[in-house]
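A structural walkthrough
The primary structure of each chain is shown beneath.
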Amino acid sequence: MKEFAYVRAGSVEEATSAYAAHAGARYLAGGTNLVDLMKLGVEAPAALVDVTRLPLDTVEELPDGSLRVGATVRNSDLAAHPLVRDRYPALSQAVLAGASGQLRNAATTGGNLLQRTRCPYFQDLSKPCNKRDPGSGCGARDGVHRDHAVLGHSAHCIATHPSDMAVALAALDGRIELEGPEGIRSVPATGFHRLPGDRPEQDTEIRPGELITGVVLPAATAGLPSAYRKARDRASYAFALASVAVVLRLDDGVIGHAGLAFGALAHRPWRARRAEEALLGAAPTRAAFEHAAEEELSAAQPLRDNVYKVPLARNLAVDVLTRLTETALTGRAS
C-alpha cells in the first residue's frame, strides 16, 4: 500500500492551502471514483484533502431566481430537492439515472463532475492509455471500443465522459463555481470539460489547486420543460451507451428556445449547437426533430464497433423532443 498524508479541511481556504502544501494532492469528498482508482493503482495521491465538512452542502435560491447547489450536496439529496425536481427536472432525472442508491447517498455534486472515464484501458495498468500514461498509446482505438466516443475524439484518446449530471447541466446552461490560488471564478458547464486533443490526460479546464465550490442553475431555464433519457445495457447501475438532455420552450407554436446535450458520445458532454440552431423558429414536428438530430450527428466519426451509437442518439433525441413538446403544449409532466 502506498502511504499518503490526510488533511481534513474546515474551510475552503484551508482546503486549497493544504492542497498547495502537498505536491500530488487530491481532494476527497464521497470518494466513489477516486478511492476505486486508488485501489486499481491508477491514482496514487501523495495527500488526500478531505472536503466533506466544508459548508458547501446546501441548495439555495439566489436573489435573481437562480439556484446554487453546493459542491458537497449528495447526489440523492440533489435529485430529491423540491426546487430541483420542479424547476430543473432534467437534472433530477439525470442524477437518478446514475449509479445505485447507495452510491448516490455518498457521491457529491463536485465529485460527480470530476469523475474519470470508465474506459477499461484507462483502468488497467497493463494496457496502453494516453490518458493514464501520456505517450503510451490508445489501446481502445484498435481494441474493444463499443462504448467509446463517436464525436470529438482524437488519435490520442477515444474515451467518453461518464457523468449523467454533467449532460443535464450542459443543456440547462449551468455554471461551475471554482476557488483556488488565483481566486474565485465561474465557468460555463459547457466549457468545463475538455475534448482530448493531444492532451487526453487533462479532463477539465480546472486549474491546479482549484476546488469546485458549487454549481449555479440559471433562472432563464428554470421551469422550462426539460428531460433526460439514457440508453444502457441494463435497466440500472450501468453507464450510458448514449444519453440526451433537452430543455425546450415554445413561443406561439414554434420553438423559441432549445438546449440539447448528448452524453456518452464524446470526451465531454456534447452540447448540440447545430441541432439547436436548426430547431430555433421551427414548428415542433417529428420531421424538424429528425432534421436537427441529423444536422448534429453528421459530424460523428464512429469506429468499427460503435456505429450503433449514431442512430441510437438520434432516436433518443427525437423521442425526448417529442415528449417535451407534448409537455409544453399540455402542461403534463414529461
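So, how was this worked out
- For every chain, the first residue of the written sequence is number 1, and numbering continues from 1 onward in sequence order.
- Confidence filtering applies because this is a predicted model: local features only for residues at pLDDT of at least 70, side-chain atom pairs given and counted only at 80 or more, and all residues used for totals across whole chains, interfaces and linings.
- Water and hydrogen atoms were dropped before computing side-chain values, which therefore reflect all heavy atoms in the structure.
- Each helix is a run of H or I in the DSSP string that is no shorter than four residues. Each strand is a run of E no shorter than two, and both are numbered from the N terminus.
- The classification of residues rests on relative accessible area computed with a 1.4 Å probe and restricted to protein chains. Under 20% of the type maximum is buried, over 50% is exposed, and intermediate values are partly exposed.
- It only takes one pair of heavy atoms within 4.5 Å for two residues to be counted as in contact.
- Think of it this way: DSSP has to see at least two bridges between two strands before they count as a pair.
- Lines fitted to the C-alpha atoms define the axes, with helices restricted to the stretch that makes contact. Angles between their N-to-C directions range from 0 to 180 degrees.
- Cavities and pockets were defined on a 1 Å grid built from protein atoms only: a cavity is a group of points that admits a 1.4 Å probe but offers it no way out, a pocket is an open group of points flanked by protein on both sides within 12 Å along at least five of seven lines, and a lining residue is one with an atom within 4 Å of any such point.
- Grid points are joined across faces, edges and corners, and a volume is the space filled by probe spheres set on the points.
- Gly falls in the polar group here, along with every residue not listed as nonpolar (Ala, Val, Leu, Ile, Met, Phe, Trp, Tyr, Cys, Pro) or charged (Asp, Glu, Lys, Arg).
- One speaks of a salt bridge when a side-chain nitrogen belonging to Lys or Arg is within 4 Å of a carboxyl oxygen belonging to Asp or Glu.

A closer look at the side chain of Thr-204
- Mapping Thr-204 onto the fold places it in the loop between helix 10 (189–192) and strand 8 (211–217).
- For Thr-204, a relative accessible area of 6% puts it in the buried group.
- Leave out the neighbours within four places in its chain, and Thr-204 touches Leu-114, Phe-192, His-193 and Arg-194.

Regarding the sheet that holds strand 7 (residues 183–188)
- Ordered in space as 4-5-8-6-7, the five strands form an open sheet in which the pairing is antiparallel. Each edge of the sheet is formed by a strand with only one pairing partner; in this case those strands are strand 4 (59–61) and strand 7. In this sheet, adjacent strand axes meet at a mean angle of 25° when their direction is disregarded.
- Alignment of strand 5 (residues 67–70) against strand 8, held across four bridges, turns out to be antiparallel. Among the inter-strand pairings, Gly-70 is bridged to a residue of strand 8, identified as Gly-214.

With respect to empty space enclosed by the protein
- Applying the stated criterion to the full structure yields two cavities of 30 Å³ or more.
- Considering only enclosed or pocket space, the largest cavity measures out at about 90 Å³ in volume.
- What lines the largest cavity is a set of 17 residues, and nearest its centre among them are Cys-119, Cys-129, Cys-138, Cys-157 and Ala-159.
- In terms of lining residues, the second largest cavity is bounded by Gln-115, Arg-116, Thr-117, Lys-131, Thr-160, His-161, Pro-162, Asp-203 and His-267.
- Residues of the lining of the second largest cavity, tallied by class, amount to one nonpolar, five polar and three charged.

Observations regarding the pattern of salt bridges
- Going through the model one piece at a time under the given rule, you end up with 24 salt bridges.
- In this structure, Lys-230 engages Asp-164 in a salt bridge whose closest nitrogen and oxygen atoms are separated by 3.1 Å. Taken together, the residues span a long stretch of sequence, with Lys-230 in strand 9 (residues 226–231) and Asp-164 in the loop between helix 8 (120–123) and helix 9 (165–171) at a distance of 66 residues.
- Exposure remark for Lys-230: the relative accessible area of 14% places this residue in the buried category.
- Look at Asp-164 and you get buried, because its relative accessible area is 6%.
- Residue Asp-319 is joined to Arg-229 by a salt bridge in which the shortest nitrogen-to-oxygen separation is 2.5 Å.

Functional significance is not addressed by these values, which are geometric in nature.
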